[in-house]
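Summary of the model geometry
Spelled out from the first residue to the last, the chains are:
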Amino acid sequence: MSGDFEQLWAELAPLGRNRTTGGYRRFSWGPADTQVRSWFRSAASARGLEVETDGNGNLWACWGAPGSVEAPRAPADKAAAVVTGSHLDSVPDGGAYDGPLGVVGALAAVDELRRRGLRPRRPLAVAVFVEEEGARFGVPCLGSRLLTGAMTPERAGRLTDADGVSWAQAMERAGLDPERMGPDRELLGRIGAFVELHIEQGRALAHTGDAVGVASAVWPHGRWRLDFSGQADHAGTTRLADRSDPMLPFAEAVRAARRAAEEHGALATVGKVRVSPNGTNAVPSRVRAWLDARAAEEAALHAVVEGVDAAARSSAAEHGVTVTAFLESKSPLVEFDHRLRDRVAARVGGEGGAVPVLATGAGHDAGVLATAVPTAMLFVRNPTGISHAPEESATAADCRAGVAALADVLADLTDAGPAEED
Ligand code: HGY
Ligand code: MN
Ligand code: MN
């Protein structure tokens, strides 16, 4: 197995990597995305998996697709497929593991099942969801939101990137038909369970000393855009009293985010800002900033956003600036399906007993799909906890432990039996 995992990892690693930062820039429908999608198709086909692209651009590599030579002979009532996988897109200068560990791990788990002489008695698919990070078009988990109907094709089609290219245009340039976008209840109806392997984006497993953990929940979280509009002016001649400088209420909003997060035991981040016209010697006309807020409970999340909004408005009024807030995406608390969670935990824990079960503040496609099918997540230890940065890491041994655990879970869920069985 190590050969397969390391071989796959070595093939994928160079694609979309920025040589200067060492981070990844794999943005939906861009050149790096084309490369990694093509890599996935060939790696899956090399394993005899039939690869399809759904109307939203998500990839599905099916082992045992109906009619295929390896179609399982499961009785009709067990036809529900088991799906695993994750995403291949990244945040700007993201790490190597966030997303790809779940995709490479899934393909390596298919290899592992074969190595064990097993074949699923239910269809098994490996999925790659598009725009999970929302790095180019702003809404995270766009592919799974479209699939489940959490996002309408109309709104998705109008999302634009920093250059004004719309999602629909970018899809079209990548050879897909945006008219096919939309919820796919028939596809979802064929899925009995989705299990996502993902690097832990935190330090819990590093503290417990476990290589693998199981997810219990995803915190409520969301993204808000704040537009501060003032008056452009000369930096060297405009008196302070005569300025309407949007940078000042923006700065206050950033400080307020940290204060509110501390006060409510939440997390709040302003990591992206665009200044217009962005000149050294000009008072800006507009500052556009994005707030990412997350909390274990909805009430705390709401309190943080309210606190930031109030601080931004009062500072804007003080400086003759207007501020408008837009909710760009919001995800409610997701508790993973208890029965599936416990079944996965029992399988991963085995006779050895308990496996850590932990909540996360990171959003995932498994969290979005949870509205339509039973979903679960397996976490692989992240020794530093760092993620969304080039320094993200996981040991080869822990990755292999994650693959072995995923293979155990998939064997269980697909009721896998001896491959040569007729
Ligand atoms: O932002 C997140 O939580 C995830 O990485 N998309
Ligand atoms: Mn991420
Ligand atoms: Mn991820």
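Residues numbered from 1 in each chain as written. Chains lettered and ligands numbered in written order. Predicted model: local features only at pLDDT ≥ 70, side-chain atom pairs only at ≥ 80, totals over all residues. Heavy atoms only, no water.

**Focus on the packing of helix α3 (residues 100-115) against helix α13 (residues 396-413)**
Quick reminder of the rule: To obtain an axis, a line is fitted to C-alpha atoms, over the contacting stretch when the element is a helix, and the angle between two such axes runs from 0 to 180 degrees between their N-to-C directions. Helix numbering and strand numbering both begin at the N terminus, where a helix is a DSSP run of H or I of at least 4 residues and a strand a DSSP run of E of at least 2. The cut-offs work like this: below 35 degrees is roughly parallel, past 145 is roughly antiparallel, 65 to 115 is roughly perpendicular, and the gaps in between are oblique. Definitions for this section: a left-handed crossing has its near helix turned counterclockwise from the far helix by less than a right angle. A right-handed crossing has that turn clockwise. Contacts: residue pairs with any heavy atoms within 4.5 Å of one another. Under this grouping Gly is polar, as are all residues other than the nonpolar Ala, Val, Leu, Ile, Met, Phe, Trp, Tyr, Cys and Pro and the charged Asp, Glu, Lys and Arg.
In contact at an axis separation of 8 Å, α3 and α13 are set at 60° when each is read in the N-to-C sense. Classified by the angle their axes make, α3 and α13 are oblique. Seen from above, α3 lies across α13 with right-handed handedness. Of the residues in α13, those touching α3 at L101, G105, A106, A108, A109, E112 and L113 are C399, V403, L406, A407, L410 and A411. Of the residues that constitute the contact of α3 with α13, the class distribution is 11 nonpolar, one polar and one charged.

**Topic: the site of ligand 1**
The condition is simple: The criterion for a residue being near a molecule or strand is simple. One of its heavy atoms has to lie within 4 Å of it. Contacts described as polar in this section are N or O atom pairs within 3.5 Å, which, within protein, must combine one atom able to donate a hydrogen with one able to accept it, while residues neighboring in sequence count only if both atoms come from side chains. Surface accessibility follows the Shrake-Rupley procedure with a 1.4 Å probe radius. Residue values consider only the protein chains on display as shielding.
For ligand 1, the full set of nearby residues is E132, E133, R294, A362, G363 and H388. Between ligand 1 and the protein, one listed contact pairs a nitrogen atom with a side-chain N or O atom of E132 at 3.0 Å. For ligand 1, whose accessible area on its own is 210 Å², the fraction buried by protein is 95%. For the shell around ligand 1, a count of residues per class yields one nonpolar, two polar and three charged.

**Here we look at the coordination of the manganese ion (ligand 2)**
Quick reminder of the rule: Each metal site lists N, O and S donors within 2.8 Å (3.2 Å for Na, K and Ca). With water left out of the atoms, a site can look as if it is missing ligands. To sort residues, take the accessible area from a 1.4 Å probe on protein chains only and compare it with the maximum for the residue type: under 20% means buried, over 50% means exposed, and anything in between is partly exposed.
Protein-derived ligands of the manganese ion (ligand 2) are D98 (OD), E133 (OE) and H388 (NE2), with the metal-ligand distances lying across 2.0 to 2.2 Å. All donor residues of the manganese ion (ligand 2) come from one chain, and their arrangement in sequence is D-x34-E-x254-H. Its relative accessible area of 6% is what places D98 among the buried residues.

**Looking at the coordination of the manganese ion (ligand 3)**
Protein ligation of the manganese ion (ligand 3) involves H87 (NE2), D98 (OD) and H198 (NE2), the donor distances falling in the range 2.1 to 2.2 Å. All donors of the manganese ion (ligand 3) belong to a single chain; written as a sequence motif, their spacing is H-x10-D-x99-H. Here the manganese ion (ligand 3) and the manganese ion (ligand 2) are spaced 3.6 Å apart, linked through D98, which binds each one. Taken together, the residues H87 in strand β3 (residues 81-87) and D98 in the loop between β3 and α3 connect sequence positions 11 residues apart. Judged by its relative accessible area of 0%, H87 falls in the buried class.

**Some details on the domain arrangement of the chain**
Reports of interface size often rely on the accessible area that becomes lost once the parts have come together. Inclusion rule: As used throughout, domain bounds are those supplied by an automatic or database domain assignment. When two parts are put together, the accessible area they lose, computed with a 1.4 Å probe and summed over both, is reported as buried area. Salt bridges are defined by distance alone: a side-chain nitrogen of Lys or Arg within 4 Å of a carboxyl oxygen of Asp or Glu.
When cut into domains, the chain gives domain 1 (2-219 + 333-421) and domain 2 (221-331). Measuring from the centre of the C-alpha atoms in domain 1 to the corresponding centre in domain 2 gives 34 Å. On the domain 2 side, the residues contacting the 14 residues of domain 1 number 12 residues. Between domain 1 and domain 2, a total of about 1,100 Å² is buried, with carbon and sulfur atoms accounting for 42% of that surface. Seen at the junction of domain 1 and domain 2, the total is zero salt bridges. Connecting domain 1 to domain 2 are six residue pairs in polar contact (both at pLDDT 80 or more). Tallied by class, residues from the side of domain 1 that touches domain 2 come to seven nonpolar, four polar and three charged.

**Regarding the side chain of D227**
Its place among the elements puts D227 in strand β8 (residues 221-229). Given a relative accessible area of 7%, D227 falls into the buried group. Of the polar contacts made by the side chain of D227, one reaches the side chain of R288; its length is 2.8 Å. Contacts of D227, omitting those with residues within four sequence positions, involve V287, R288, T322, V323, T324 and F326.

**Regarding the sheet that holds strand β12 (residues 286-294)**
To keep things clear, this is the line we draw: Here, any two strands with at least 2 DSSP bridges between them count as paired.
In spatial order, the strands read β10-β12-β8-β13; together these four strands make up an open sheet with antiparallel pairing. Each of the sheet's edge strands pairs with one partner strand only, and the pair in question is β10 (267-276) and β13 (322-331). Strand-to-strand twist across the sheet, computed as the mean angle between neighbouring axes with direction ignored, equals 15°. Pairing between β8 and β13: nine bridges, direction antiparallel. Bridge pairing in β13 links D227 to T324. Its contacts with the sheet put helix α9 (residues 247-264) on β8, β10 and β12, and the angle it makes with β10 is roughly 170°.

**So, helix α10 (residues 298-318)**
Put simply, the rule is: Take the number of residues in a helix, subtract one, and multiply by 1.5 Å to get its expected span.
With 21 residues, α10 should cover 30 Å at 1.5 Å per step; its first-to-last C-alpha distance of 30 Å lies within 8% of that length. Residues of α10 that are buried in the fold lie against β8, α9, β10, β12 and β13.

**Topic: the pattern of salt bridges**
Taken as a whole and judged by the stated rule, the model has 22 salt bridges. For E186, the salt bridge identified is with R190, shortest N-O distance 2.8 Å. When its relative accessible area of 44% is taken as the criterion, R190 is described as partly exposed. With a closest N to O distance of 2.8 Å, D227 and R288 form a salt bridge. With D227 in strand β8 and R288 in strand β12, the pair connects residues that are 61 residues apart, well separated along the chain. For R288, a relative accessible area of 17% translates into the label buried.

**Digging into the nonpolar core**
Generally speaking, nonpolar side chains in soluble globular proteins are found buried as a group. Cut-off, in case you're wondering: To qualify as a nonpolar core, a set must consist of buried Ala, Val, Leu, Ile, Met, Phe, Trp, Tyr and Cys residues joined through side-chain atoms within 4.5 Å.
Counting 57 residues, the largest nonpolar core has W39, F40, L107 and L378 as the members making the most contacts within it. Leave out the neighbours within four places in its chain, and L378 touches V195, E196, L197, H198, V212, G213, V214, V344, V348, A405, L406 and V409. By size, the runner-up hydrophobic cluster in this structure holds 24 residues, among which are W224, L226, F250 and A300.

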